[in-house]
Amino acid sequence: MQIVEIYDTTLRDGAQSEDVSFSVEDKLRIVQKLDELGLHYIEGGWPGANPKDITFFEEMKKIPLKSSKLVAFGATRKSRNKVSEDPNIKALAEAGTEVVTLFGKSWDLHVTEALGITLKKNLEIISDSIEYLRSQGKRVFYDAEHFFSGYLAKPDYALKTLEAAKRAGAECIILCDTNGGTMPWQLREALEVVQREIGGSLGIHTHNDSEMAVANALTAVEIGVTQVQGTMNGFGERCGNANLCSLLPNLKLKMKINCIADDQLKRLREVSHFVSEIANLPHNKHQPYVGDAAFAHKGGIHVHAVRKNAETYEHVAPSKVGNRQRVLISDNAGKSNLLEKAKEFRINLASDSPHLTEILEQLKEREHQGYQFEGAEGSFELMMKKALGKHKKFFNLVGFRVIVEKRKGSEETFCEATIMVEVGGQVEHTAATGNGPVNALDHALRKALEKFYPALSQVKLLDYKVRVLTASDGTGSKVRVLIESGDGEKNWGTVGVSENIIEASWQALVDSIEYKLLNS
Ligand SMILES: CC(=O)SCCNC(=O)CCNC(=O)[C@H](O)C(C)(C)COP(=O)(O)OP(=O)(O)OC[C@H]1O[C@@H](n2cnc3c(N)ncnc32)[C@H](O)[C@@H]1OP(=O)(O)O
Ligand SMILES: CC(=O)C(=O)O
């Protein structure tokens, strides 16, 4: 069976991604998660490049890894330096890792223009940088930067750089599609020549500038490379690197290459979300395998079939990568979506119930008016329960007033809401302030109701989104308000639509509170 080792560069190339900046603590947390995932190599950073990476490698000397080997990354020596005195090479030698990855130039354009040295000198710096690190007892991987561009421009020279690296003792030569512009068929052609002319252990490092990073990496594996480099969530310079969250399941489930254990693959979604969280970036819900939408079914035809057999619209079982099937509610839904949701909400609803058509029609009509239930399943659950007579009224609104006041141009706007509600014949009259009119109304409503329903004190408003629906009417447009609420155990979304933003917000707030009370 083909052996493929996985090399993660999230902490190095991934950190070259716009908007990503890992602290030392972030890196220490991520490295341990990647270790649990069973990846063979984790590139921790470039010890000669910045104090953060120097500290990281120092800290890592105290942290043993279970499955992975930590790798230090850096460039070949500067042409003007003696290798033993090159600060970058010295930092690599002292980083405390068994394995070092060195990158060097394969493309004559880079040698003459970027480095400003002769082609011969470049071969020398590749050789003596690798030889020196080998003499220091390091295992050396050699990243042939821009190999595919170099091969297209001057194939003989590009191959000579690989020969120099191999002769100097590089254990694995990794061919890099640094600019990410190589097509799979071009990659195949070049790689087959390398296999024939250079041989030995080869790896692949691809960038995603033509959306080919994963396809190119898999093509390379098909041809026989034994090391695949990539990053979690495809983070990386410009458009990113080959996404390990796609590569790992493709290697295991499609190519049957046992690169990590089944149980480790089941943690893929969790680790992918963890890395996004640490990077402080929203997780891409449409990401294959690990995204929230990867196994979410919206079209009625799809849900109808999936209820009978998930394979009808799922290429693999979501559980294999730790994900789950979801059914969405929208005007693309059919009765099957509703039946599935009823099951999820623990509502008894027979497939021949006359209510089914009624709820479906109401759903489509509401969506036509601007409601969107996909992100507001709390409101949809209430709508379903109301249609089935399973809804209970917890309070009656007697009235509310919202005051927004600005006394001087230089002063903050002042917002106050007063509200009168009636619960079981008892009228409660309350006032509250807030940093905006909706916030004040939310505080006043909850203050009024908490006396009757203490569970409401757990509810927090987590997110509030407004979308203008008919922009042509300017400030008189219809708006949709989506609210996300949570009680520490669970989150739920609710929606309101009106020409008046306060009214739309009120609808969504009331749904949020009723949802909590119905489910307490
Ligand atoms: C394809 C890749 O992703 S490679 C990794 C790229 N990652 C990064 O660049 C992130 C970390 N980099 C850094 O922190 C900085 O660029 C440093 C510390 C490495 C260097 O900073 P500086 O010394 O200020 O140089 P600067 O960044 O302006 O230029 C790059 C230098 O590296 C040299 N260089 C580039 N590639 C190589 C190479 N393969 N071998 C040797 N030297 C190289 C350039 O010639 C230039 O040297 P010069 O200043 O003597 O002309
Ligand atoms: C080495 C590397 O990151 C590249 O060539 O893209």
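Residues numbered from 1 in each chain as written. Chains lettered and ligands numbered in written order. Predicted model: local features only at pLDDT ≥ 70, side-chain atom pairs only at ≥ 80, totals over all residues. Heavy atoms only, no water.

The protein chain is annotated in an unreviewed UniProt entry as Citramalate synthase of Candidatus Manganitrophus noduliformans. According to the UniProt record, the Catalytic activity (unreviewed entry) comment for the protein chain reads "pyruvate + acetyl-CoA + H2O = (3R)-citramalate + CoA + H(+)". For the record of the protein chain, the UniProt heading Pathway (unreviewed entry) holds the text "Amino-acid biosynthesis; L-isoleucine biosynthesis; 2-oxobutanoate from pyruvate: step 1/3." (UniProt positions renumbered as here; feature names shortened; annotations may be inferred.)

> If you had to explain the nonpolar core to someone new, which residues and values would you point to?
Core analysis: the largest hydrophobic core is formed by 86 residues, its most contacted members being Phe147 and Leu248. The element best represented in this core is helix H9 (residues 213–223), accounting for seven residues. Among all residues touching Phe147, those that are not within four sequence positions of it are Ser106, Ala158, Leu159, Leu162, Leu175, Cys176, Ala190 and Val194. In terms of nonpolar packing, the next biggest core, distinct from the first, is built from 32 residues, Phe394, Val438, Tyr453 and Val510 among them. (Core = buried A, V, L, I, M, F, W, Y, C linked by side-chain atoms within 4.5 Å. Buried < 20%, exposed > 50% of the residue type's maximum accessible area, 1.4 Å probe, protein only. Helix = DSSP H or I, 4+ residues; strand = E, 2+ residues; numbered from the N terminus. Contact = heavy atoms within 4.5 Å.)

> Account for the site of ligand 1, with residues named and values stated.
In the vicinity of ligand 1, 17 residues are found, and the nearest of them are Gln16, Thr76, Lys78, Arg80 and Glu145. Arg12 places a side-chain nitrogen or oxygen 3.2 Å from an oxygen atom of ligand 1. In the environment of ligand 1, a nitrogen atom lies 3.4 Å from a nitrogen or oxygen atom belonging to the side chain of Lys105. With the chains in place, 56% of the 1000 Å² that ligand 1 exposes on its own is no longer accessible. Here the shell around ligand 1 gets three residues from one element, more than from any other, and that element is strand E4 (residues 99–105). Of the residues belonging to the shell around ligand 1, the class tally is seven nonpolar, four polar and six charged. (Near = heavy atom within 4 Å. Polar contact = N/O pair within 3.5 Å; in protein donor to acceptor, adjacent residues only side chain to side chain. Areas by Shrake-Rupley, 256 points an atom, 1.4 Å probe, with all protein chains shown as cover. Nonpolar A, V, L, I, M, F, W, Y, C, P; charged D, E, K, R; others polar.)

> Explain the packing of aromatic side chains to me, using residue names and the numbers behind them.
Across all of its chains, the model carries 15 aromatic pairs by this definition. A centroid spacing of 5.9 Å and a plane angle of 35° characterise the contact between Phe147 and Tyr151, whose relative ring orientation is tilted. Note that Phe147 and Tyr151 are positioned in helix H6 (residues 147–153) at a spacing of four residues, about one turn of the helix. The exposure class assigned to Phe147 is buried, which follows from its relative accessible area of 0%. Ring centres 4.9 Å apart and planes at 50° place the aromatic pair Phe400 and Trp506 in the tilted group. Of the two residues, Phe400 sits in strand E11 (residues 396–405) while Trp506 sits in helix H18 (residues 501–518), which places them 106 residues apart along the sequence. Here the aromatic cluster, defined as three or more aromatic residues joined through ring pairs, consists of Phe345, Tyr371, Phe373 and Phe380. (Phe/Tyr/Trp six-rings, centres within 6.5 Å; stacked < 30°, edge-to-face > 60°.)

> How would you explain helix H17 (residues 437–450) if you had to name every residue and give the values?
The α-helix advances 3.6 residues per turn, and as a result positions three or four apart in sequence lie on the same side. Its 14 residues give H17 an end-to-end C-alpha distance of 20 Å, which sits within 8% of 20 Å, the value for a rise of 1.5 Å per residue. All of the buried residues along H17 are Val438, Ala440, Leu441, Asp442, Ala444, Leu445, Arg446, Ala448 and Leu449. If you follow the buried residues of H17, they end up packed against E11, strand E12 (414–423), strand E13 (426–434), strand E14 (460–468) and H18. (Expected span 1.5 Å × (residues − 1).)

> So, the site of ligand 2: which residues are in play, and what are the values?
Ligand 2 sits among Arg12, Asp13, Asp143, Glu145, Cys176, Thr178, His205 and His207. Arg12 places a polar side-chain atom, nitrogen or oxygen, 2.9 Å from an oxygen atom of ligand 2. His207 has a polar side-chain atom sitting 3.1 Å from an oxygen atom of ligand 2. Classifying every residue of the shell around ligand 2 gives one nonpolar, three polar and four charged.

> Go over the side chain of Lys33, please, and point to the residues and values.
Tracing the backbone shows Lys33 in helix H1 (residues 24–36). Overall, Lys33 belongs to the buried group, its relative accessible area being 16%. Look past the residues within four positions of Lys33 in its chain and what remains in contact with it is Arg267, Glu270, Val271 and Phe274.

> So, the sheet that holds E13: which residues are in play, and what are the values?
Ordered by their spatial adjacency, three strands build an open sheet running E11-E12-E13, and the pairing between neighbours is antiparallel. This sheet does not close on itself; its edge strands, each paired only once, are E11 and E13. Averaged over all adjacent pairs, the angle separating strand axes in this sheet is 10°, with direction ignored. In this structure, E11 lies alongside E12, joined through nine bridges in antiparallel fashion. Counted as the bridge partner of Gly399 is Met420 from E12. Contacts from H17 reach E11, E12 and E13, with the element oriented near 30° to E12. (Pairing = 2+ DSSP bridges. Axes fitted to C-alpha atoms, helices over the stretch in contact; angles between N-to-C directions.)

> So what about the packing of helix H4 (residues 108–115) against helix H5 (residues 119–135)? Which residues, and what values?
Relative to each other, H4 and H5 sit at 95°, their axes nearing to 9 Å. Overall, the two elements H4 and H5 adopt an arrangement that is roughly perpendicular. Here H4 contributes Asp108, Val111, Thr112 and Leu115 to the contact with H5, which in turn contributes Leu119, Asn122 and Ile125. Residues that form the contact of H4 with H5 fall into these classes: four nonpolar, two polar and one charged. (Parallel < 35°, antiparallel > 145°, perpendicular 65-115°, else oblique.)

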